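# Secondary and tertiary structure notes
Residue strings, one per chain:
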Amino acid sequence: MKRTGVLLLAVAPLLATTACLSVASDDSRGPDARRMETGSLDAEATLADPAKKELAQQIVASAENSTLDWRSAYGYVEDIGDGQGYTAGIIGFCTGTHDLLTLVEAYTKEHPDNALASYLPALRAVDGTDSHEGLDPGFPAAWKQESKVAAFREAQDEKRDKGYFEPALRLAVRDGLGLLGQFVYYDAMVYHGPGTDWFSVGGIRTAALKKADSPAEGGDEKAYLGAFLDARRKAMLDKRPGVNTSRVDTAQRRFLDEGNLDLRTPLEWKVYGDTYKVPQSERS
């Protein structure tokens, strides 16, 4: 999904649920030693750790769905007026950005009688546009209906992981980034999508590398992440002047300014003016 966010004049929280899950490691070694030891996605020093992944989904959900209860968003669907058609599901798959189409296509191959299957011709026709032609009025109800099916929720999880979470982690580990950096890449992947143009993760990363070396190149991690967030914020505003950039400014930037490169709990941040908190856990 390439989500363009919520405009400053149209901010409205969808939910106000809070949840408590910590992810910090109790390893006594330094964060650099832990994260660089293996570089594998199943290492404890990465967001692939189940508890750390849970936290990552919570922070993303605070920006995507105004809640920490990310599982409540499987059935979410609406047109938020960002030029990408319907936005739906746990990370905002969009009818205009191809990922919702490929999700439904893959799911229909395994479950041909699902409630969304009849909308595939329309989804193919509107792909790449903001059109609702052939989708209204029944598509939102069909999405909500199918989202009650466990197999469709699992399909959303798989699409999120294979298309966004795992590619972001691989790239972040390659760049020598810790947990915060891995999350920064993941949230950028969700919002901007993969690719090499200026508005995609690859283009943002290229711009950041012109300002600061990555840790893998011997650079300072905090300086590099600062450059990445600067570039990302600019890309967001270049795409849509006036867009709300609080998921960068008062969430990720706050963690960075606090020097919390390992996303240790407790965490507190703001998105669209709403405050979210994850308290300290036993492992922190």
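Details of the structure are given in the entry above.
Everything quoted here is computed from the prediction, not taken from an experiment. (Residues numbered from 1 in each chain as written. Predicted model: local features only at pLDDT ≥ 70, side-chain atom pairs only at ≥ 80, totals over all residues. Heavy atoms only, no water.)

## Comments concerning the sheet that holds strand 3 (residues 93-94)
- Across the sheet, three strands lie side by side as 1-2-3; this open sheet has antiparallel pairing. Lying at the two open borders of the sheet, with one neighbouring strand each, are strand 1 (77-78) and strand 3.
- With two bridges connecting them, strand 1 and strand 2 (residues 87-88) associate as antiparallel partners. Bridge assignment links Val-77 to a residue of strand 2, and that residue is Ala-88. (Pairing = 2+ DSSP bridges. Helix = DSSP H or I, 4+ residues; strand = E, 2+ residues; numbered from the N terminus.)

## Let's talk about the nonpolar core
- With 76 residues, the main nonpolar core has Leu-123, Phe-139, Trp-143, Tyr-185, Tyr-186 and Trp-269 as its most contacted residues.
- The biggest single contributor to this core is helix 7 (residues 179-192), with 10 residues.
- With near-sequence residues (within four places) excluded, Trp-269 lies in contact with Ile-59, Ser-62, Leu-68, Thr-250, Ala-251, Arg-254, Phe-255, Asp-274, Thr-275, Tyr-276 and Val-278. (Core = buried A, V, L, I, M, F, W, Y, C linked by side-chain atoms within 4.5 Å. Buried < 20%, exposed > 50% of the residue type's maximum accessible area, 1.4 Å probe, protein only. Contact = heavy atoms within 4.5 Å.)

## Considering the packing of aromatic side chains
- This model, assessed by the stated rule, comprises 10 aromatic pairs.
- Look at Tyr-119 and Phe-139: their rings are 5.7 Å apart centre to centre, the planes differ by 75°, and that puts the pair in the edge-to-face class. One end of the pair, Tyr-119, is in the loop between helix 3 (99-110) and helix 4 (120-126); the other, Phe-139, is in helix 5 (residues 139-146), with 20 residues separating them in the sequence.
- Classification of Tyr-119 as buried rests on a relative accessible area of 15%.
- Aromatic side chains Phe-165 and Tyr-186 sit 5.0 Å apart centroid to centroid with 90° between the ring planes, which places their arrangement in the edge-to-face category. One end of the pair, Phe-165, is in helix 6 (residues 150-174); the other, Tyr-186, is in helix 7, and 21 residues separate them in sequence. (Phe/Tyr/Trp six-rings, centres within 6.5 Å; stacked < 30°, edge-to-face > 60°.)

## Brief notes about the environment of Gly-219
- Mapped onto the secondary structure, Gly-219 falls in the loop between helix 8 (201-211) and helix 9 (221-239).
- Discounting chain neighbours no more than four positions away, the residues touching Gly-219 are Asp-213 and Ser-214.

## Re the side chain of Arg-232
- Its location among the elements puts Arg-232 in helix 9.
- Apart from residues lying up to four places away in sequence, Arg-232 is in contact with Val-184, Asp-187, Ala-188, Tyr-191, His-192, Ile-204, Arg-247, Val-248 and Gln-252.

## A short note on helix 2 (residues 50-64)
- With 15 residues, helix 2 should reach 21 Å at 1.5 Å per residue; the first-to-last C-alpha distance of 20 Å fits that figure.
- Sitting at the head of helix 2, Asp-49 places a side-chain oxygen 3.2 Å from the backbone nitrogen of Ala-51.
- Count one or two residues on from helix 2 and you reach Ser-66, which has phi positive near 55°. (Expected span 1.5 Å × (residues − 1). Polar contact = N/O pair within 3.5 Å; in protein donor to acceptor, adjacent residues only side chain to side chain.)

## A word on the pattern of salt bridges
- Applying the stated criterion across every chain yields a total of 15 salt bridges.
- Its salt-bridge partner being Arg-253, residue Asp-230 comes within 2.6 Å of it at the nearest N-O pair. Taken together, the positions of Asp-230 in helix 9 and Arg-253 in helix 10 (residues 246-257) put the pair 23 residues apart, joining distant regions of the chain.
- What makes Arg-253 buried here is its relative accessible area of 18%.
- Of the charged contacts in the structure, one is a salt bridge between Asp-238 and Lys-234, with a shortest N-O distance of 2.9 Å. (Salt bridge = Lys/Arg side-chain N within 4 Å of Asp/Glu carboxyl O.)

## A short note on the pairing of strand 4 (residues 267-271)
- Of the two faces of strand 4, the one lined by Leu-267, Trp-269 and Val-271 is fully buried and the one lined by Glu-268 and Lys-270 carries no buried residue.
- As paired elements, strand 4 and strand 5 (residues 274-278) share five bridges and run antiparallel to each other. Residue pairing for strand 5: Val-271 is matched across the bridge by Asp-274.
- Here strand 4 folds back onto strand 5, and the loop between the two strands holds two residues, one of which, Tyr-272, carries a positive phi near 55°.

## Section: the packing of helix 7 against helix 10
- With their axes 10 Å apart at the nearest point, helix 7 and helix 10 run at an angle of 165° to one another. As judged from the angle between their axes, helix 7 and helix 10 are roughly antiparallel. At the point where helix 7 passes helix 10, the crossing takes the left-handed sense. Touching Leu-180, Phe-183, Val-184, Asp-187 and Tyr-191 of helix 7 are Arg-247, Gln-252, Phe-255 and Leu-256, all from helix 10.
- Per-class residue counts for the contact of helix 7 with helix 10 are six nonpolar, one polar and two charged. (Axes fitted to C-alpha atoms, helices over the stretch in contact; angles between N-to-C directions. Parallel < 35°, antiparallel > 145°, perpendicular 65-115°, else oblique. Left-handed = near helix turned anticlockwise from the far one by under 90°. Nonpolar A, V, L, I, M, F, W, Y, C, P; charged D, E, K, R; others polar.)

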